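Per-entry structural report
Below, each chain spelled out in residue letters.
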Amino acid sequence: ILIFIYFSGLTSFSFIILPIMLNKIKPKILNKKCFKVLRSYGSIIILDFGKKISYQSPKNQINYIGEFSLIVNTSDWILAKENNFLCDGNSQKDLIDKNITIIKNKKLIDINNSSIQTSFVFDDNIILQIPLDNQSEEYDLYTNDGHVLVVGPNHKFVYKKSNK
């Protein structure tokens with residue numbers, strides 16, 4: 001299945017379809033624990049949810065990925081707890097590394113989408129907000145059925161078979 005949405009000048013339409021796609025994924029991912037969270041390059045963060053799937057790294061080490069993975073590519077994300085700012089993608093790397101660990105072992109309890117942001121809501125009122133803009137790819141959400149939802153840039157998204 002490949003779904004590609006782009007309407008020049010009609011970008012608000014894609015925000016009608018994107019919530020439909022997220023609603024299709026939500027029942028599968030909600031209430032799954034985030035067992036791994038890390039900062040990759042710069043302010044890119046990776047979260048793994050659900051069942052651990054083992055794989056062998058190029059260095060012959062056994063590593064684990066989740067049946068669901070969220071890769072936040074934009075630097076504009078914001079992490080808050082009980083409406084208190086913890087860090088964002090523009091924070092110092094040590095502050096990001098310290099604060100993103102708050103998500104580890106928390107269940108994802110909701111995903112909310114609007115025309116300006118997607119919010120991933122965790123236990124203890126922890127919220128990861130990802131603004132949706134025109135400049136960058138915002139996030140990739142890999143699902144347990146072998147697909148990935150790629151969101152952004154320019155209010156576009158693709159739901160396609162992944163190679164994960």
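This text follows the structure it describes.
Residue positions are given per chain, counted from 1 along the sequence in the order it is written. Per-residue local features are limited, in this predicted model, to residues with pLDDT of at least 70; the limit for side-chain atom pairs, both in listing and counting, is 80 or more; totals at the level of whole chains, interfaces and linings are taken over all residues. The basis for the side-chain values is all heavy atoms of the structure; hydrogens and waters are excluded.

Thoughts on the packing of aromatic side chains
- Stacked, tilted and edge-to-face are the three classes assigned to paired rings of Phe, Tyr and Trp, where Trp is represented by its six-membered ring and a pair needs centres within 6.5 Å; plane angles under 30 degrees give stacked, over 60 edge-to-face, the rest tilted. Counted under the stated rule, the structure contains 2 aromatic pairs.
- Relative to Phe 122, the ring of Phe 49 lies with its centre 6.1 Å away and its plane at 10 degrees, an arrangement referred to as stacked. Separated by 73 residues along the polypeptide, Phe 49 in strand S3 (residues 45–56) and Phe 122 in strand S8 (residues 117–122) bring together distant segments of the chain.
- The rule is simple: take the accessible area with a 1.4 Å probe, protein chains only, and divide by the maximum for that residue type; under 20% is buried, over 50% is exposed, in between is partly exposed. Judged by relative accessible area, which is 0%, Phe 122 ranks as buried.
- On the numbers, 5.6 Å between centres and 85 degrees between planes, the contact of Phe 120 with Tyr 139 is edge-to-face. Runs of E in the DSSP output that reach at least two residues are strands. Runs of H or I that reach at least four are helices, and both are numbered from the N terminus.

Some details on helix H2 (residues 93–100)
- All buried positions along H2 are accounted for by Ile 96, Asn 99 and Ile 100. Buried residues of H2, seen end-on, are gathered within an arc of 90 degrees and therefore sit on one face of the element. Exposed positions of H2 whose direction lies more than 90 degrees from the buried face are Asp 94 and Lys 98.
- Here, two residues are considered to be in contact whenever any of their heavy atoms come within 4.5 Å of each other. Next to the buried residues of H2 lie strand S2 (34–39), S3, strand S5 (78–81) and strand S6 (84–88). The arc in question is traced by the directions running from the helix axis to the C-beta atoms.

Examining unusual backbone geometry
- Even without being glycine, Asn 60 reaches a positive phi, approximately 60 degrees.
- Among the structural elements, Asn 60 can be located in the loop between S3 and strand S4 (62–72).
- One non-glycine residue with positive phi stands out, namely Asn 125, at about 60 degrees.
- Positionally, Asn 125 belongs in the loop between S8 and strand S9 (126–131).
- With relative accessibility at 37%, the residue Asn 125 sits in the partly exposed group.

A look at the side chain of Asp 48
- You can see Asp 48 is positioned in strand S3.
- A residue is classified by how much of its surface remains accessible, and Asp 48, at 2% relative accessible area, is buried.
- Within 3.5 Å is the distance limit for a polar contact, defined as a pair of N or O atoms, with the added protein rule that one can donate a hydrogen and the other accept it, and that residues adjacent in sequence qualify only through two side-chain atoms. Engagement of the side chain of Asp 48 in a polar contact is seen with the backbone nitrogen of Gly 66, the distance being 3.3 Å.
- Within the local environment of Asp 48, its side chain forms a polar contact with the side chain of Ser 69, the two groups lying 2.4 Å apart.
- Excluding its chain neighbours within four sequence positions, the residues that come into contact with Asp 48 are Lys 33, Cys 34, Phe 35, Lys 36, Tyr 64, Ile 65, Gly 66, Phe 68 and Ser 69.

A look at the pairing of S6
- Bridging between S5 and S6 involves 4 bridges; their strand directions are antiparallel. Bridge pairing links Ile 78 to Asp 88 in S6.
- Two strands pair if DSSP finds at least two bridges between them. Hairpin connection of S5 to S6: 2 residues between the antiparallel strands, including Glu 82 at a positive phi of 50 degrees.

Topic: the sheet that holds S9
- As summarised here, the arrangement of the 5 strands in space is S6-S5-S9-S8-S7, forming an open sheet in which the pairing is antiparallel. Bordering the open sheet on either side are S6 and strand S7 (108–113), each of which pairs with just one other strand. Between one strand axis and the next, the sheet turns by 20 degrees as a mean value, whatever way the strands run.
- Bridge count between S7 and S8: 5 bridges; the pairing is antiparallel. The partner of Leu 108 across the bridge, within S8, is Phe 122.
- Orientation is described by lines fitted to C-alpha atoms, with helices fitted over the stretch in contact, and by angles between N-to-C directions that extend from 0 to 180 degrees. Contacts between H2 and the sheet are confined to S5 and S6, with S6 contributing the most and set at about 125 degrees to the helix.

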